[in-house]
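Structure at a glance
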Amino acid sequence: MSVRARIRKKEWRRFRRVYGAGEFQAGRLKIEPVHQIPDRIETGDEFDFWVHNGTDLLLITLESHPAAHIHYVREQWRDHLSIRVQFDFHCLNEPELVKIVQWINCLGIPDRGRIRKSRSITVPAGSGV
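The following refers to the structure shown. Just so you know, these numbers come straight off a predicted model, no measurement behind them.

This next bit is on the pattern of salt bridges. A side chain with one charge may pair with a side chain of the opposite charge, provided their charged atoms come close. According to the stated counting rule, one finds four salt bridges in the structure shown. Between Arg 40 and Glu 42 there is a salt bridge, and its shortest N-O distance comes to 2.7 Å. Through salt bridges with shared partners, one network takes in Glu 46, Glu 63 and Arg 84.

Here it is, written out as structure tokens:
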């Protein structure tokens, strides 16, 4: 077992102790909202979610913003990956959130090392995403 695999297991055990009460699942995805989501979302509002995609533990921050960007940040190779996604949305419910996280998975998630990169993205046509 590699060092990174051991770290991932340790992160997941720690995560299950702290979170896990309000999580919902969609296949292998486990999503735990950190904030309570209001009915009306304004431009500039941001929401954090812990996501376990079967292998990695990710902190995803969704920000309602007119321009669509995605930012990946990992300070140290042992830290969890933080993903900040900015795009225009006005509602967040469980099915929409699952669709957004699956879309982020399809965009690709960097695997190793220190990461600080940003890029513009194209939001697929649909209701919230």
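From this point on, the discussion continues.
Where two aromatic rings form a pair, the distance of their centres and the angle of their planes describe that pair. Applying the stated criterion across every chain yields a total of two aromatic pairs. Here Phe 87 and Phe 89 contribute two aromatic rings whose centre-to-centre distance is 5.0 Å and whose plane-to-plane angle is 45°, an arrangement assigned as tilted. Per residue, the accessibility class of Phe 87 equals that of Phe 89, and both read buried. Centre to centre, the rings of Phe 87 and Trp 103 are 5.7 Å apart; their planes meet at 80°, and the pair counts as edge-to-face. Residue Phe 87 is located in strand S6 (residues 81-87), and its partner Trp 103 is located in helix H2 (residues 94-107); the two are separated by 16 residues in the primary sequence. A relative accessible area of 12% places Trp 103 in the buried class.

Mapped onto the secondary structure, Asn 53 falls in the loop between strand S3 (46-52) and strand S4 (57-64). Given the relative accessible area of 17%, Asn 53 is considered buried. Taking the C-alpha atoms as reference points, Asn 53 and Leu 29, 24 residues apart in sequence, are found 4.6 Å from one another.

On to the environment of Arg 84. Looking at where Arg 84 falls in the secondary structure, it is placed in strand S6. Note on Arg 84: relative accessible area 27%, which makes it partly exposed. The spacing of Arg 84 and Ile 60 is 24 residues in sequence and 5.8 Å in space, taken between C-alpha atoms. Those residues in contact with Arg 84 that sit more than four places away from it in its chain are Glu 46, Thr 61, Glu 63, His 69, Ile 70 and His 71. There is a polar contact of 2.5 Å between the side chain of Arg 84 and the side chain of Glu 46. Of note is the side chain of Arg 84, whose polar atom sits 3.0 Å from the side chain of Glu 63.

Criteria and cut-off values
- Residues numbered from 1 in each chain as written.
- Predicted model: local features only at pLDDT ≥ 70, side-chain atom pairs only at ≥ 80, totals over all residues.
- Heavy atoms only, no water.
- Salt bridge = Lys/Arg side-chain N within 4 Å of Asp/Glu carboxyl O.
- Phe/Tyr/Trp six-rings, centres within 6.5 Å; stacked < 30°, edge-to-face > 60°.
- Buried < 20%, exposed > 50% of the residue type's maximum accessible area, 1.4 Å probe, protein only.
- Helix = DSSP H or I, 4+ residues; strand = E, 2+ residues; numbered from the N terminus.
- Contact = heavy atoms within 4.5 Å.
- Polar contact = N/O pair within 3.5 Å; in protein donor to acceptor, adjacent residues only side chain to side chain.

These values are about where atoms sit, not about what they do.
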